[in-house]
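# A closer look at the structure
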Amino acid sequence: MSEYLTIKNLRASIEGNKILKGINLEVKPGEVHAIMGPNGSGKSTLSSVLAGRDDYEVEADEVTFLGKDLLEMEPEERSREGLFLAFQYPVEIPGVSNINFLKAAINAKRHHHGLDDISAKDFMTMVKEKQAMVELKSNLANRSVNEGFSGGEKKRNEIFQMAMLEPKLGILDETDSGLDIDALKIVSNGVNKLRSEDRSFIVITHYQRLLEYIVPDYVHVLFEGRIVKSGGKELALELEEKGYDWIKEEVEA
Amino acid sequence: MNKDSFLKQFDNLPEHFAIQAEARAALHNGLNFPTTKNERWKYTRVNTIIDATYAQNQMELSDIDSFKIHKDWKYLTFINGMFSEQWSDQVPDGVEFSSLSNISDSDKGTVLSKMGTLFNLKQDAFPSLNMAYFLDGAYIKVKRNARIETSIVILNISLGESQAINARNLIHVEQGAEVKFVHQFEGQGNAGAFTNSVCEIFVDDNAKADYYLIEDEGSETSAITNTNVSQKKDSRFTIVTVTKSGKLIRNNIHLSITEPGCESNMMGVYFTDGNQHVDNQTYADHQDHGCNSNELYKGVMADRSTGVFNGKIMVHKAAQQTNAFQSNQNILLSDKATINTKPELEIYADDVKCSHGCTIGQLDEEAMFYLQSRGLGKEAAHRLLVQAFAQDVIDTIDLVELKEDVEEFIDSKFS
Ligand SMILES: Nc1ncnc2c1ncn2[C@@H]1O[C@H](COP(=O)(O)OP(=O)(O)OP(=O)(O)O)[C@@H](O)[C@H]1O
Ligand SMILES: [Mg+2]
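Parameters and conventions
- Residues numbered from 1 in each chain as written.
- Chains lettered and ligands numbered in written order.
- Predicted model: local features only at pLDDT ≥ 70, side-chain atom pairs only at ≥ 80, totals over all residues.
- Heavy atoms only, no water.
- Near = heavy atom within 4 Å.
- Polar contact = N/O pair within 3.5 Å; in protein donor to acceptor, adjacent residues only side chain to side chain.
- Areas by Shrake-Rupley, 256 points an atom, 1.4 Å probe, with all protein chains shown as cover.
- Helix = DSSP H or I, 4+ residues; strand = E, 2+ residues; numbered from the N terminus.
- Nonpolar A, V, L, I, M, F, W, Y, C, P; charged D, E, K, R; others polar.
- Expected span 1.5 Å × (residues − 1).
- Buried < 20%, exposed > 50% of the residue type's maximum accessible area, 1.4 Å probe, protein only.
- Donors = N, O, S within 2.8 Å, 3.2 Å for Na, K, Ca; no water.
- Contact = heavy atoms within 4.5 Å.
- Buried area = accessible area lost by both parts, 1.4 Å probe.
- Salt bridge = Lys/Arg side-chain N within 4 Å of Asp/Glu carboxyl O.

### Describing the site of ligand 1
Residue and element names in this part refer to chain A. Surveying the vicinity of ligand 1 reveals 13 residues, the closest of which are Gly40, Lys43, Ser44, Thr45 and His206. In the environment of ligand 1, an oxygen atom lies 3.0 Å from a nitrogen or oxygen atom belonging to the backbone of Gly42. Ser44 has a polar backbone atom sitting 2.8 Å from an oxygen atom of ligand 1. With the chains in place, 62% of the 630 Å² that ligand 1 exposes on its own is no longer accessible. Examining the composition of the shell around ligand 1, we find that 3 residues originate from one element, helix α1 (residues 43–51), more than from any other. Among the residues forming the shell around ligand 1, the class breakdown is 3 nonpolar, 8 polar and 2 charged.

Laid out in structure tokens, this is it:
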């Protein structure tokens with residue numbers, strides 16, 4: 001199997017509004033794809049649809065993840081199979097402890113793969129290690145999920161969870177927004193440590209700055225629900241310099 | 001409602017106290033069971049209770065352990081309303097217990113001076129019904145300044161079909177004493193049963209009493225509980241009601257906060273499904289100054305179940321510097337479930353802080369998706385969110401084993 005993710009002609013609409021209008025994308029093992037694009041172009045919609053949010057009417061010629069039909073799976077199955085979405089706006093869940101819920105999530109994934117529960121000791125070791133990796137304050141791990149976290153802390157917590165769940169494909173939806181410069185470096189370093197031959201990423205961002213830290217293999221421009229341009233990492237620089245107007249002109253021409 | 005044929009089923013039961021005869025007479029004469037025309041019974045119809053036929057089953061219990069939440073607690077067990085010495089423990093030092101059917105002459109005077117005084121027997125039909133026909137019950141006195149380390153459990157077990165029980169208890173916590181009670185209602189093979197409970201609790205100066213009402217008689221039974229409490233100076237009383245099962249449940253709690261410096265807590269959780277109906281009525285009666293009452297009820301309601309919450313806070317003119325808070329929050333898991341929730345404030349003092357609020361909502365879909373996107377199945381995500389919702393009420397249970405029991409109950413209910 002060469003592709004982790006294959007998307008062919010993916011369309012999504014909500015209450016009759018077409019938001020994604022035919023997305024094509026292939027992500028191979030170990031690759032990092034950056035997706036850029038103006039506000040409202042459909043980036044978060046794409047990540048939500050991939051993660052399984054059911055608010056949309058979705059159609060596609062094909063969406064396969066690790067050889068399986070992704071759209072057939074419940075959100076939890078997608079996660080257990082190795083898909084992870086770091087949310088643009090992580091939800092606060094008062095009363096649900098970060099740690100307990102992560103343990104339940106890890107065990108759900110382990111059961112799915114025929115493994116027993118993780119031992120308390122292994123779990124704690126892992127928590128310590130991954131927490132250190134994204135420099136998440138240890139008291140945050142013990143609090144309710146995202147409750148009262150600052151914007152930056154929420155984003156770190158997303159990457160912490162990603163590190164704990166060790167996905168095959170991580171989708172980072174504007175993980176850099178709301179991070180200060182130091183936090184941006186820390187989080188990027190965390191992601192870079194997770195990069196490997198058998199782990200891919202889709203990094204959604206508005207800023208080429210992030211892509212200096214997490215250097216992508218490909219950059220795509222999403223515009224009005226379509227990927228209208230793809231290139232190497234230099235494309236991000238070009239966008240930074242020139243904005244999106246020239247893309248719009250190209251599309252309209 | 002056929003009151004006469006209902007009462008006739010009980011008229012041959014023995015009487016232990018002269019006041020029982022008075023109560024019987026009152027019921028046979030003008031006193032009627034409430035209908036939905038009565039404001040406080042607007043959403044709860046008792047016809048099914050009154051029109052049913054009941055039994056007095058003579059049954060033996062084969063094992064008690066399955067009912068015990070924690071075996072080290074001291075159990076006072078009542079089977080079909082009758083005290084069971086065999087299945088009961090000695091009460092700890094500092095506590096006196098006697099069963100009402102077998103009360104000593106010296107205690108009888110004390111009991112009689114208190115029994116029924118917290119109720120209006122001319123008006124309230126169910127407390128009167130209990131007074132008229134109770135067969136037995138617990139009289140418990142916690143002696144002055146005694147600190148009782150182990151919890152005392154009044155375990156009421158309803159055995160056999162259509163069993164009717166009038167469970168009656170009188171608790172007196174003397175000055176400076178500290179104690180925790182669990183009042184647990186259980187059932188076995190008791191479809192069609194009805195339990196009508198009265199518990200009168202007197203909390204003297206500086207005393208601290210916790211009272212945990214755990215209702216689990218089964219899905220085919222109905223219960224009406226009447227818990228009336230009188231608090232004296234600087235005392236603290238906490239009641240936590242956990243409704244685990246029951247077809248029709250009505251809980252009436254009335255706190256008379258009669259002297260200054262009291263703290264009162266009324267907490268509750270209910271998890272309903274099927275055609276269940278759970279009605280919680282509370283009354284915090286602030287009669288004197290400088291008292292705090294706190295109230296939080298939470299419900300999670302599924303299927304076609306119905307719920308009622310009516311919380312009244314009464315602040316008399318003399319009750320200056322009263323702080324009274326009340327909140328009722330509900331999650332409806334189905335669009336066929338309903339809840340009628342109503343706060344009632346009646347305030348005659350001017351220097352008071354009172355607040356009340358109620359919410360009705362669904363489980364947060366964003367949170368559901370977030371949890372699922374991390375690999376948790378729908379049920380597990382559901383369970384976590386329900387657990388989280390109820391947690392602040394559960395956290396007010398100051399008994400580790402009971403708290404765990406309720407958490408496990410939620411776990412199994414939502415899986
Ligand atoms: N639930 C919804 N109901 C109606 N419209 C929606 C809904 N969700 C998304 N949209 C619309 O779909 C379009 C794409 O939104 P999306 O959040 O995917 O954009 P984005 O590219 O992530 O933008 P940003 O850069 O601001 O995060 C927007 O016009 C948005 O208003
Ligand atoms: Mg977005």
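### Overview of unusual backbone geometry
Working note: non-glycine residues mostly have negative phi, and peptide bonds are mostly trans. All names here are of chain B. Even without a glycine there, the phi angle at Asn145 is positive, about 60°. Within the secondary structure, Asn145 is located in the loop between β4 (137–142) and β5 (152–159). In this structure, Ser162 takes a positive phi of about 55° despite not being glycine. Note that Ser162 resides in the loop between β5 and β6 (164–173).

### Some words on helix α3 (residues 98–112) of chain A
Residue and element names in this part refer to chain A. The first and last C-alpha atoms of α3 sit 21 Å apart over 15 residues, in line with the 21 Å expected at 1.5 Å per residue. Inspection of α3 places Asn98, Ile99, Phe101, Leu102, Ala105, Ile106, Asn107, Ala108 and Lys109 among the buried residues, and these make up the whole buried set. With its phi angle positive at about 75°, Gly114 sits one or two positions after the end of α3.

### What about the coordination of the magnesium ion (ligand 2)?
Residue and element names in this part refer to chain A. Within the protein, Ser44 (OG) and Gln88 (OE1) serve as the donor atoms for the magnesium ion (ligand 2), at 2.0 to 2.1 Å. Taken together, the residues Ser44 in helix α1 and Gln88 in the loop between β7 (83–86) and β8 (93–97) connect sequence positions 44 residues apart. A relative accessible area of 26% means that Ser44 is categorised as partly exposed.

### Topic: the interface of chain B and chain A
Of the residues lining the interface, 16 residues belong to chain B; the matching set on chain A comes to 28 residues. Between chain B and chain A the total buried area reaches about 1800 Å² when both faces are included, carbon and sulfur atoms providing 64% of it. When residues of chain B are sorted by the area they lose upon contact with chain A, Phe369(B), Tyr370(B) and Arg374(B) head the list and together hold 43% of the total. If you look at where chain B meets chain A, you find 3 salt bridges. A salt bridge links Glu158(A) to Arg374(B); its shortest N-O distance comes to 2.6 Å.

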